[in-house]
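One-letter residues, chain by chain:
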Amino acid sequence: MTVNPPLSETPEDEDLLLESTTLSTQPAAVQPPSGLGLRSLLRWAWRQLTSMRTALLLLFLLALAAVPGSLLPQQGNAPADVADWISRHGALGRLFERLSLFHVYSSPWFAAVYLLLFVSLIGCVVPRTRLHWRALRSRPPAAPRHLSRLPVTRSFTTTATPQEVLDAAHRSLRRRRFRVDRLAGSVGAEKGYLRETGNLVFHLALVVLLVGVAIGALYGTRGSAIVVEGSGFANTVTRYDSFSAGPLADPQRLDPFSFTLDKFSATYQQGGKQNGAPRSFTADVTVQDSPTATPRSQVLQVNEPLVVGGTKVFLVGHGYAPVVTVRDGEGRVVFSDAVPFLPRDAMFTSTGVIKAPDARPTQLGFQGIFLPTASIDPIRGPLSTFPAANDPALFLSLWKGDLGLDTGAAQSVYRLDVSRMTRVGLEAMRPGESWTLPDGLGTITFDGIRQYAALSIAQDPGKGIALGSVVVAIAGLLLSLFVPRRRVWVRATADDEGTILVEIGGLARTEAGGLEAEVDALRSDLPDEAAPGAREPIEEYR
Amino acid sequence: MTAHTFAHLSNDLVYSAMATLTLALLAFSAELAFGDRGRVARTSRRTVHRVPVAVGAGGAPVDVDTPDVAELPEGDLPESTRAAKLGGIGFSLTVLSFVLLLAAVVFRGLAAGRAPWGNMYEFSLASALVVTGAYVIAVWRRPVLRLLGVFIVVPVLLTLGLAVTVLYVDAGPLVPALKSYWLVIHVAAAIISGGIFTLGGAVTVLYLLQERWERRGLSNSLSRRLPESEQLDRTAYRLFAFVFPLWTFAIVAGAIWAENAWGRYWGWDPKETWAFVTWVVFAGYLHARATAGWKGRRAAMIALLGLSAFIFNYFGVNIFFTGLHSYGGLPNK
Ligand code: HEM
């Protein structure tokens, strides 16, 4: 038996032990700057920025920075709530606004956090990639002097020759998909390079994801439009009710498609606790992919958008558009159209406005409440009790005077500016009914009801890149977390009496289990006895 | 049988599961509370075998033929103690609860004619099922984890209690926005992630306790039966490392669904925001474990922070915020 030599800390062993906790190319802890020159200071700052500690800090900052956006209303999702919040909180509201707290995710400070994180990431991953590339092409490291100090060790004596032992080890390790290097008196092997590769791929894929998101933000467009049954939509900016485009998008070059909404149908839950909950929406449309293309029919549903080129059309809502005809005091038709009303509750109590600027002797305006299934609540007034048009009614109040359309200021089609008007009448109507307006102002007829579809139309050229990158990222992550990275060495030495001592040492990432089993399996592949007939001069290996 | 009977059956099964879980909780608590007494009683009955052995700083005499758990091969409990018997009863009741919950979820699905995780009530039910199931599997693989019982049963009971009182809605079809197989995939992945996050959180709490006891040289009925802190730490890491890619996938599946339903894959809706926060915090946890000075206790605290974000996303966001995701099926405020 040999006695282990005293534990001496050679630099080689130190390196090994340092590595034993990671077996990866992760950056080492940062030392304080050496010297006072600007260069060394900069280099120190850069190393600080790309250190693991900074990455951790920035990850926390990112998580923290994302929180206020969920607690406060955001401009992008709920602009009306933002205005409301600011007006209710006075100075605090204005302060929050100045701090970009109502558009956190496009705020300079949020951008600062994630950009710093990504600079750190790139600064970290590029050198690691270089190191890993070198490791991939180099041989497994030579056996450390003291195999007995590795986390997993085995040793035994054998009557087989070192040659036999090392040959067997070589074969066994190869079979276990190790990369094996044969040195004098020992075998070194390593496997699991894919772990590091996966980790680097994961981090790089995050950079690509950011690029995809950025492309969408810069070149994407999205907007919304209301399309009434029987009418059409052409994909030009003027046809949108609201439209936003990234700074580099060209709104003049949208995909040149158009479609007509032939029919909209909806079904609802009847009775029970969820009475009135929607069950299905279907929009039948006829689409032309370009002005010259042949029209095709398609069904548009929630979760089943219409796809034309790079643009998608989503069904996001619906509502009712009462069809009315207004005749003025001189008997001329001054308005005849379907007027989209906006739903105010889940039962589709809806409100809308009809404007007849051409009416004589004075301009006319109507504020309306539409009820698909009408009832009168003693406290809240006219209220719908079911979202389907089972018993529709239209409540109108009539205003006369100046609609204020000539001032040049933009006016919402859903609001009546009554500052220069007076109210002169109120009426409840059923489909088909007419109301003779007071003071000889004319008549209004409730001709019927159509439904409309609220559509969201979006085009995001970065989407594919984003999806591709997350798929790659997940694959990289799986490799990074589950591929075991291991090193194993086998050494065979003869002592003074000619006994062959075999030592096996294994090293793994601390987290990954299974190294013991692997080493044991290797051990059982090594011969305890010389193969019959084999005789080697042992001296050679001393 | 009609959908209606299925729905009723499902509800009854949920209540039965809650009853058996309550009993399991009693058994588990008794195991922890009376652990020492059981041991002392046994010890005094066999004074012959008693020898004083210094244990930690306390130096209390221990029964020599009750082996110290820390020295056992992983996963063996001294089944002979009365406390352990209580624990065994608790575990059997938990297995029974799991079966009842499984049946409840299946019948709920049959009643609604779709995947049974379409609203907050069903989501809670399914989560309770997954947490219980993950615990049962964990104990089956490593019996020593049975000691997690209390930490598992309490959150499960709370979830179910909230489900049947506040979140309950009748079984029925979904609103159109939720009819998407990406949603089914997304929610299923989120539920499974939730189960494993919870289990990992429970192991982490035990790790923190055990680590503290070890550091101070304290010993008590729980610490003696738990594995060493290092092993608990490793188990927690394995759970979190397993769940992190799954959670990543859940978020991605959700984004694909959102893209299909609303035309944008990410909109910083409160639900999305908190999913992101959870993800980033757990990425931080994985980093912390590889960062000098952050391993061990600090990393464990980060994991608990991540778990809190997850739980807040689950309960808080559904109940307090309105967003595109508030599909809880709760009446609109
Ligand atoms: C967007 C920001 C980042 C995210 C989401 C992220 C995420 C992750 C995740 C999930 C892991 C776990 C995989 C594993 O343990 O193998 C990981 C590992 C790692 N990350 Fe990052 N990371 C980010 C930025 C960075 C930065 C800036 C650095 C450089 C300082 C970095 C360096 C590392 C290293 C070295 C590992 C491997 C740790 C080990 O050896 O176990 N990461 N990262």
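Each value, and the rule that gives it
- Residues numbered from 1 in each chain as written.
- Chains lettered and ligands numbered in written order.
- Predicted model: local features only at pLDDT ≥ 70, side-chain atom pairs only at ≥ 80, totals over all residues.
- Heavy atoms only, no water.
- Helix = DSSP H or I, 4+ residues; strand = E, 2+ residues; numbered from the N terminus.
- Buried < 20%, exposed > 50% of the residue type's maximum accessible area, 1.4 Å probe, protein only.
- Contact = heavy atoms within 4.5 Å.
- Areas by Shrake-Rupley, 256 points an atom, 1.4 Å probe, with all protein chains shown as cover.
- pLDDT = per-residue confidence, 0-100.
- Phe/Tyr/Trp six-rings, centres within 6.5 Å; stacked < 30°, edge-to-face > 60°.
- Pairing = 2+ DSSP bridges.
- Axes fitted to C-alpha atoms, helices over the stretch in contact; angles between N-to-C directions.
- Donors = N, O, S within 2.8 Å, 3.2 Å for Na, K, Ca; no water.
- Tetrahedral: all angles 85-135°; square planar, octahedral: opposite > 155°, others 65-115°.
- Salt bridge = Lys/Arg side-chain N within 4 Å of Asp/Glu carboxyl O.
- 1 Å grid on protein atoms, 1.4 Å probe; cavity = no way out; pocket = protein on both sides within 12 Å on 5 of 7 lines; lining within 4 Å.
- Points joined across faces, edges and corners; volume = space filled by probe spheres on them.
- Buried area = accessible area lost by both parts, 1.4 Å probe.
- Polar contact = N/O pair within 3.5 Å; in protein donor to acceptor, adjacent residues only side chain to side chain.
- Nonpolar A, V, L, I, M, F, W, Y, C, P; charged D, E, K, R; others polar.
- Core = buried A, V, L, I, M, F, W, Y, C linked by side-chain atoms within 4.5 Å.

Undergrad: Just give me the short version of the overall build of chain B, but keep the residues and values in it.
TA: Along the backbone of chain B there are 10 helices and 2 strands. Burial statistics for chain B: of 333 residues in total, 59% are counted as buried. In chain B, once contacts between residues fewer than 6 apart in sequence are set aside, the share between residues at least 24 apart is 78%. Split by element, the accessible area of chain B, about 13,800 Å² in all, is 67% carbon and sulfur.

Undergrad: Report on the confidence of the model for chain B, specifying residues and quantitative values.
TA: For any part of a model where pLDDT is low, the fine detail of the predicted coordinates should not be relied upon. Residue and element names in this part refer to chain B. Looking at chain B, pLDDT values average 78 and 77% of them are 70 or higher. Mean pLDDT across the elements of chain B bottoms out in strand β2 (residues 62–63) (34) and peaks in helix α9 (residues 270–288) (94). Every residue in residues 37–80 is under pLDDT 50, and counting partners more than four places away or in other chains gives 53 contacts. Here residues 323–333 is a poorly scored stretch, pLDDT under 50, and it has 23 contacts once near neighbours within four places are set aside; other chains count. Both scores are given for the predicted complex: the pTM is 0.79, the ipTM 0.82.

Undergrad: Residue-level account of the packing of aromatic side chains, with values.
TA: Residue and element names in this part refer to chain B. Scanning the model with the defined rule gives 31 aromatic pairs over all chains in all. Ring centres of F197 and F282 lie 4.5 Å apart, and the angle between their planes is 25°; on these two criteria the pair is classed as stacked. Of the two residues, F197 sits in helix α6 (residues 181–216) while F282 sits in helix α9, which places them 85 residues apart along the sequence. Of the two residues, F197 and F282, both sit in the buried class. Residues W266 and F276 carry aromatic rings whose centres are separated by 6.5 Å and whose planes lie at 65° to one another, so their mutual orientation is edge-to-face.

Undergrad: Kindly report on the sheet that holds strand β2 (residues 179–183) of chain A, identifying the contributing residues and their values.
TA: All names here are of chain A. Read across the sheet, 5 strands follow the order β1-β23-β22-β3-β2 without closing on themselves; strand pairing throughout is antiparallel. Lying at the two open borders of the sheet, with one neighbouring strand each, are β1 (152–158) and β2. Taken over all neighbouring pairs, the strand axes of this sheet differ in orientation by 15° on average, direction set aside.

Undergrad: Mind laying out the coordination of the iron atom of the ligand, listing which residues take part and the relevant values?
TA: Within the first shell, the iron atom of the ligand binds the protein through H203 of chain A (NE2) and H287 of chain B (NE2), at distances of 1.9 Å. Around the iron atom of the ligand, the 6 donor atoms are arranged such that angles at the metal cover 81 to 179°; this shape is classified as octahedral. Taken together, the residues H203 of chain A in helix α8 (residues 193–219) and H287 of chain B in helix α9 connect one chain to another. Overall, H203 of chain A belongs to the buried group, its relative accessible area being 11%.

Undergrad: Would you mind going over the pattern of salt bridges in detail, with residue names and values included?
TA: As enumerated under the stated definition, the model contains 26 salt bridges over all chains in all. Put simply, R139 of chain A and D181 of chain A hold a salt bridge, and the shortest N to O gap is 3.7 Å. With R139 of chain A in the loop between α6 (108–137) and β1 and D181 of chain A in strand β2, this pair connects stretches of sequence that are 42 residues apart. For R139 of chain A, a relative accessible area of 60% gives the class exposed. Ionic pairing is found between E272 of chain B and R264 of chain B, a salt bridge with its closest N-O pair at 3.4 Å. Looking at E272 of chain B, the relative accessible area reads 7%, which means it is buried.

Undergrad: If you had to explain empty space enclosed by the protein to someone new, which residues and values would you point to?
TA: Residues and elements named next belong to chain B. This structure, assessed with the given rule, holds 5 cavities of 30 Å³ or more. Within this model, the second largest cavity holds a volume of roughly 50 Å³. As for the second largest cavity, its lining consists of T204, Y207, D233, A236, F240, Y285, R289, G296, A299, A300 and A303. At the level of secondary structure, the elements contributing two or more residues to the lining of the second largest cavity comprise α6, α8 (229–262) and α10 (297–320).

Undergrad: Explain the pairing of strand β23 (residues 500–508) of chain A to me, using residue names and the numbers behind them.
TA: All names here are of chain A. Counting buried positions along β23 yields 9 of 9 residues, so the element is predominantly enclosed. Every second residue of β23 is oriented toward a common face, with I500, V502, I504, G506 and A508 on one face and L501, E503, G505 and L507 on the other, all of them buried. Sheet topology note: the β1/β23 ladder contains 7 bridges and is antiparallel. Of the residues in β23, the one forming a bridge with V152 is G506. Where strand β22 (residues 486–494) folds back onto β23 in an antiparallel hairpin, the turn is made up of 5 residues, including G498, whose phi is positive at roughly 90°.

Undergrad: Before we move on, can you summarise the interface of chain B and chain A with the specific residues and values?
TA: If you look at the interface, chain B gives 54 residues, while chain A gives 54 residues. Approximately 4,300 Å² of surface area, both sides summed, lies buried where chain B meets chain A, with 64% of it carried by carbon and sulfur atoms. The tally of links from chain B across to chain A stands at 2 salt bridges. If you look at where chain B meets chain A, you find 4 residue pairs in polar contact (both at pLDDT 80 or more). Elements with a minimum of two residues in the side of chain B that touches chain A: α8, α9 and α10 of chain B. Residue contributions to the side of chain B that touches chain A peak at 16 residues, all from α8 of chain B. Among the residues forming the side of chain B that touches chain A, the class breakdown is 37 nonpolar, 9 polar and 8 charged.

Undergrad: Describe the nonpolar core, listing the residues and the values that go with them.
TA: Ranked by size, the top nonpolar core spans 126 residues in total, and within it Y121, L148, L160, W247 and Y285 of chain B carry the most contacts. Looking at which element gives the most residues to this core, the answer is α8 of chain B, with 15 residues. Setting aside its immediate chain neighbours within four residues, L160 of chain B contacts V14, M18, L21, L101, L125 and A128 of chain B. Ranked by size, the runner-up nonpolar core spans 26 residues in total, among them V334, L364, F366 and M429 of chain A.

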